[in-house]
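Structural description and commentary
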Amino acid sequence: MKILLLGSGGREHALAWKIAKSSHCSCLFIAPGNAGTQQCGTNINIGVNDFESQKKFCLENNIEMVVVGPEEPLVKGIYDFYTSDERLGNIIVIGPSAYGAQLEGSKAFSKKFMQRQNIPTAAYAEFTSENFDEGKKYIAAHSLPVVLKADGLAAGKGVVIAATHEDALNSFEEMILKRQFGDASSKVVIEQFLDGIETSVFVLTDGKDYKIIGHAKDYKRVGEGDTGLNTGGMGCVSPVPFVDDVFMGKVIGNIIEPTINGFAKENIVYKGFVFFGLIKVGDEPYVIEYNCRMGDPETEVVMPRLKNDIVDLFLAVHNSSLNSIDVSYDERACATVVAVSGGYPGDYCKGLAVAGLKELATTAETIVFHAGTKQSGNEILTNGGRVFAVTSYGNNIGDAVRKSKTVLGQFYFDGMYFRKDIGYEFA
Ligand code: AMP
Ligand code: GLY
């Protein structure tokens, strides 16, 4: 099959690495890709939201399957664009419809969906400029801390956990009256703070049946000991020791099945990944958020542990035959450690030369996934805040993290930084 993968991060390098191993894949293109994805296929210079250029490319190159990495094209309706076009209609698109992608694209939509389907999540209310004063009263009476969320996509920056009512009111005003995130914050969800430990579970679904393809724990803060600013994710581990059979049983019974059954009951067209962002409060799982795509850097540990041919799973999504597939995982632990550019998640430089990559002495137990990189002649340059995600297999999490850190010690760019304590609670 000729497959087009959309995106350019570490997630997409891990997906490209996995798709390229498939017996179904004869040709893989990545748009726009990075310096790592070109080791797995051919990068093409088309943006993820440029549907018209993609259409032309797909028709000229007889593309048979499109796998969508990031959320933005999904929320913008890429699934509907392809499936409603008479010339593209035969292409298999892995991703939800625009309506289904609102699970990530609108916090208010996802909260209402969970309420309708009785899925455990934090109590909430939603406000706009129309009921702004009511929102202020709601905040003033709310227990602390209180969580404010911009309704729409805000590049991971739309969530505020306010320790005081004053901070909460200021953020509320910034979001709604000062349009801090533009249209994305014209509506704000205010919710109860849940105190617990987070983990994520990943599912592939055709909207009726599903398969769990893995789970992981992400380290979101930039600093060691989970301090400092929130990032897209500084590292991940899988499996997560507290995700045992009892907990997973509750996740399946209380969360995953009601979600997938909800898609079927509400006629939500959904043929792709669901990312369940969960928090364990006491012994019970709650949904913090849904994403309509895989996580980054979660994909960099989930794909290496998944033993199945990923395109088999994609074809089963298309053919409604997921139930005929057994999913199996590598027994070993996986950890990924992300190398970022100095200053990230604030301002950082791009275009820095990476030294030492060619001479790397890696074993089959370590994979260097590229995130924000680009090829320039013979050189690899940084091209983003998160630059690499180095994944290793190990006998346990500590062993896997140690191997990744050894490899991270062998290459360098100016200002390179990575957390040394990924997986610290489990090492
Ligand atoms: P979200 O974009 O909804 O995933 O939120 C980003 C992060 O904020 C989550 O990964 C959590 O760490 C935190 N968060 C979001 N909602 C809550 C909540 N209700 N209680 C506690 N922490 C939360
Ligand atoms: N690592 C979190 C995310 O992909 O949203």
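Attention here is on the structure that accompanies the text. (Residues numbered from 1 in each chain as written. Chains lettered and ligands numbered in written order. Predicted model: local features only at pLDDT ≥ 70, side-chain atom pairs only at ≥ 80, totals over all residues. Heavy atoms only, no water.)

**As for the overall build of the protein chain**
On a plain count of helices and strands, the protein chain comes out with 12 helices and 21 strands. Relative to a compact globule of 427 residues, whose C-alpha radius of gyration would be 22 Å, the protein chain shows 21 Å and is just as compact. With the C-alpha coordinates of the protein chain rotated into their principal frame, the extents come out at 60 × 50 × 45 Å. For the protein chain, the residues scored as buried account for 57% of the 427 residues in total. On the protein chain, roughly 17,300 Å² of surface is accessible, and the fraction owed to carbon and sulfur atoms is 47%. Considering the protein chain, the positive charge centre built from 41 side chains and the negative charge centre built from 52 side chains are found 1 Å apart. (Helix = DSSP H or I, 4+ residues; strand = E, 2+ residues; numbered from the N terminus. Rg over C-alpha atoms; globule rule 2.2 N^0.38 Å. Buried < 20%, exposed > 50% of the residue type's maximum accessible area, 1.4 Å probe, protein only. Areas by Shrake-Rupley, 256 points an atom, 1.4 Å probe, with all protein chains shown as cover. Lys, Arg positive; Asp, Glu negative; His and termini not counted. Charge placed at Lys NZ, Arg CZ, Asp CG, Glu CD.)

**Some details on the site of ligand 1**
As a matter of local geometry, ligand 1 sits amid 14 residues, with Glu191, Gln192, Leu194, Glu198 and Glu289 nearest to it. Lysine 149 has a polar side-chain atom sitting 3.0 Å from a nitrogen atom of ligand 1. Contact distances for ligand 1 include 2.9 Å between a nitrogen atom and a backbone N or O atom of glutamine 192. Residue assignment for the shell around ligand 1 shows that the elements contributing at least two residues are strand E7 (146–150), strand E8 (159–162), strand E9 (188–192) and strand E16 (284–291). When its residues are assigned to classes, the shell around ligand 1 shows 7 nonpolar, 1 polar and 6 charged. (Near = heavy atom within 4 Å. Polar contact = N/O pair within 3.5 Å; in protein donor to acceptor, adjacent residues only side chain to side chain. Nonpolar A, V, L, I, M, F, W, Y, C, P; charged D, E, K, R; others polar.)

**Quick notes on the pattern of salt bridges**
Summed over the entire model, instances satisfying the criterion amount to 24 salt bridges. The salt bridge partner of arginine 293 is glutamate 71, with a shortest N-O separation of 2.9 Å. In this pair, arginine 293 is assigned in the loop between E16 and helix H10 (299–305) and glutamate 71 in helix H3 (residues 71–75), connecting sequence segments 222 residues apart. (Salt bridge = Lys/Arg side-chain N within 4 Å of Asp/Glu carboxyl O.)

**Remarks on the packing of aromatic side chains**
All told, the structure shown has 19 aromatic pairs when counted by the stated rule. With a centroid separation of 4.8 Å and 70° between ring planes, the pair formed by phenylalanine 202 and phenylalanine 275 is classed as edge-to-face. Here phenylalanine 275 lies in strand E15 (residues 270–281) and phenylalanine 202 lies in strand E10 (residues 197–205), a separation of 73 residues in the sequence. Judged by its relative accessible area of 0%, phenylalanine 202 falls in the buried class. The exposure class of phenylalanine 275 is buried, given its relative accessible area of 4%. An aromatic cluster is built from Phe113, Phe263, Tyr270, Phe276 and Tyr290, whose rings are joined through pairwise contacts. Taking NZ or CZ as reference, lysine 217 lies 4.1 Å from the ring centre of tyrosine 219, over its face. One cation-aromatic arrangement involves arginine 332 over tyrosine 393; the distance from NZ or CZ to the ring centre is 4.0 Å. (Phe/Tyr/Trp six-rings, centres within 6.5 Å; stacked < 30°, edge-to-face > 60°. Lys NZ or Arg CZ within 6 Å of the ring centre and 35° of its normal.)

**Here's the deal with the side chain of lysine 211**
Here lysine 211 shows up in strand E11 (residues 210–218). This buried residue, lysine 211, is left without a salt bridge; aspartate 326 holds the nearest opposite charge, at 4.9 Å.

**Some thoughts on the pairing of strand E5 (residues 92–96)**
The element E5 is extensively covered by neighbouring structure, given that 5 of its 5 residues are classed as buried. For E5 and E15, the ladder comprises 2 bridges, and the chain directions are antiparallel. Note on E15: the bridge partner recorded for proline 96 is tyrosine 270. (Pairing = 2+ DSSP bridges.)

**Focus: the site of ligand 2**
Near ligand 2 you find Asp218, Gly232, Phe275, Asn291, Arg293, Gly295, Asp296, Pro297 and Glu298, and these make up its full shell. In this structure, a nitrogen atom belonging to ligand 2 sits 2.8 Å away from a side-chain N or O atom of aspartate 218. Arginine 293 places a side-chain nitrogen or oxygen 2.9 Å from an oxygen atom of ligand 2. Grouping the constituent residues of the shell around ligand 2 by class yields 2 nonpolar, 3 polar and 4 charged.

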